[in-house]
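# Coordinate analysis (summary)
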Amino acid sequence: MTVVVPNDIFWKILNTAIELDFKKGHMRWSMSELSRESGITRSLIYYYFGKDKLQILLEAVKALSTHVLGLDPRRMAQWKEGRLREAVLEGYQGVQLSPMLPVFYMLHRRSQSPIGDAFREMENKYLEKIALLYPKFSDDERRIIFGFLFGTVATPFTTESSVKRGTEIIEKFLKGA
């Protein structure tokens, strides 16, 4: 499979796959349905994601990990450089690209499946990221930070200005605690 940089077509396919997974049941949809619902040809779907439905849904995990939580080197550098607000704002923008992604996460994070396993691994990596940058916090405090930051970007009524304000609050907490 070719490595593809996410663009409008990528997000259209991914978002439609998530929606179908909600509507039809987990993995109870076909590539033909995905093509029909998204308006994207199957050959283009295969180009972006391959022919495996599970692979498409695992890309949703990867999208949440990269575009929302920032578990990539560039976003990690933002945290290390003290640019938390910028990093969190990018997470908010990632949710705008795929608004159902946080719901997909919440629905599958406890499932005993490859998707659930991938989400739990992602959670652990995010907690490790918090621990690396804020080692003085306990495990419970890291989970609170995770929840606050995730909620800041994933709450449906959140705005860009509320993300900025929420990040100011958490930055004060992180510096003062």
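The structure reproduced in this document is the subject of the present report. A quick note: this is a predicted structure, and the numbers were derived from the prediction, not measured.

### A closer look at the overall build of the protein
- Looking only at helices and strands, one finds ten helices and zero strands in the protein.
- Counting helices and strands in the order they occur from the N terminus, the protein gives α-α-α-α-α-α-α-α-α-α.
- The globule rule puts the C-alpha radius of gyration for 177 residues at 16 Å, and the 17 Å found for the protein is close to it.
- Projecting the C-alpha coordinates of the protein onto the three principal axes gives extents of approximately 55 × 30 × 30 Å.
- The buried share of the protein, reckoned over its 177 residues, is 46%.
- If you sum the accessible surface of the protein, you get close to 9400 Å²; carbon and sulfur atoms cover 55% of it.

### Notes on the pattern of salt bridges
- With the rule as written, the count across this model stands at twelve salt bridges.
- The salt bridge partner of Arg 83 is Glu 81, with a shortest N-O separation of 2.7 Å.
- Look at Glu 81 and you get exposed, because its relative accessible area is 53%.
- The partner of Glu 160 in a salt bridge is Lys 164, with the nearest N and O atoms 3.7 Å apart. In this pair, Glu 160 and Lys 164 both sit in helix 10 (residues 160-176), four residues apart, roughly one turn of the helix.
- Classification of Glu 160 as partly exposed rests on a relative accessible area of 36%.
- One connected set of salt bridges, linked through shared partners, spans Arg 74, Arg 75 and Glu 90.

### Quick notes on the packing of helix 4 (residues 53-68) against helix 8 (residues 114-133)
- Taken N-terminus to C-terminus, the directions of helix 4 and helix 8 make an angle of 15°; their axes are 10 Å apart at the nearest point. One finds that helix 4 runs roughly parallel with respect to helix 8. Where helix 4 crosses over helix 8, the two elements pack in a sense that is right-handed. For the pair helix 4 and helix 8, contact is made by Leu 54, Leu 57, Leu 58, Val 61, Leu 64 and Ser 65 and by Pro 114, Ile 115, Ala 118, Phe 119 and Met 122, respectively.

### Focus: empty space enclosed by the protein
- Taken as a whole and assessed by the stated rule, the structure comprises one cavity of 30 Å³ or more.
- Considered as a void within the structure, the largest cavity measures approximately 70 Å³ in volume.
- Lining of the largest cavity is provided by Val 68, Leu 69, Arg 75, Trp 79, Ala 87, Val 88, Gly 91, Tyr 126, Leu 149, Phe 150 and Val 153.
- The set of elements that each furnish at least two residues to the lining of the largest cavity consists of helix 5 (73-80), helix 6 (84-97) and helix 9 (139-154).

### A look at unusual backbone geometry
- If you check the backbone angles, Met 27 has positive phi at about 65° while not being a glycine.
- With respect to the secondary-structure elements, Met 27 resides in the loop between helix 1 (8-24) and helix 2 (31-38).

### Remarks on the packing of aromatic side chains
- Applying the stated criterion across every chain yields a total of 14 aromatic pairs.
- Taken together, a centroid distance of 5.5 Å and an interplanar angle of 25° make the contact between Phe 137 and Phe 173 stacked. One end of the pair, Phe 137, is in the loop between helix 8 and helix 9; the other, Phe 173, is in helix 10, with 36 residues separating them in the sequence.
- Overall, Phe 173 belongs to the partly exposed group, its relative accessible area being 37%.
- Note on Phe 146 and Phe 150: the rings are 6.4 Å apart at their centroids and 55° apart in plane angle, and the pair reads as tilted. With Phe 146 and Phe 150 both in helix 9, this residue pair falls four residues apart, about one helical turn.

### With respect to the nonpolar core
- In terms of nonpolar packing, the biggest core is built from 50 residues, with Leu 14, Leu 34 and Ile 56 touching the most fellow members.
- In this view, Leu 34 contacts Ile 13, Thr 16, Ala 17, Leu 20, Trp 29, Ile 45 and Ile 56; residues no more than four positions away in its chain are not counted.

Scoring rules and cut-offs
- Residues numbered from 1 in each chain as written.
- Predicted model: local features only at pLDDT ≥ 70, side-chain atom pairs only at ≥ 80, totals over all residues.
- Heavy atoms only, no water.
- Helix = DSSP H or I, 4+ residues; strand = E, 2+ residues; numbered from the N terminus.
- Rg over C-alpha atoms; globule rule 2.2 N^0.38 Å.
- Buried < 20%, exposed > 50% of the residue type's maximum accessible area, 1.4 Å probe, protein only.
- Areas by Shrake-Rupley, 256 points an atom, 1.4 Å probe, with all protein chains shown as cover.
- Salt bridge = Lys/Arg side-chain N within 4 Å of Asp/Glu carboxyl O.
- Axes fitted to C-alpha atoms, helices over the stretch in contact; angles between N-to-C directions.
- Parallel < 35°, antiparallel > 145°, perpendicular 65-115°, else oblique.
- Left-handed = near helix turned anticlockwise from the far one by under 90°.
- Contact = heavy atoms within 4.5 Å.
- 1 Å grid on protein atoms, 1.4 Å probe; cavity = no way out; pocket = protein on both sides within 12 Å on 5 of 7 lines; lining within 4 Å.
- Points joined across faces, edges and corners; volume = space filled by probe spheres on them.
- Phe/Tyr/Trp six-rings, centres within 6.5 Å; stacked < 30°, edge-to-face > 60°.
- Core = buried A, V, L, I, M, F, W, Y, C linked by side-chain atoms within 4.5 Å.

Spatial relationships are all this shows, so hold off on functional conclusions.
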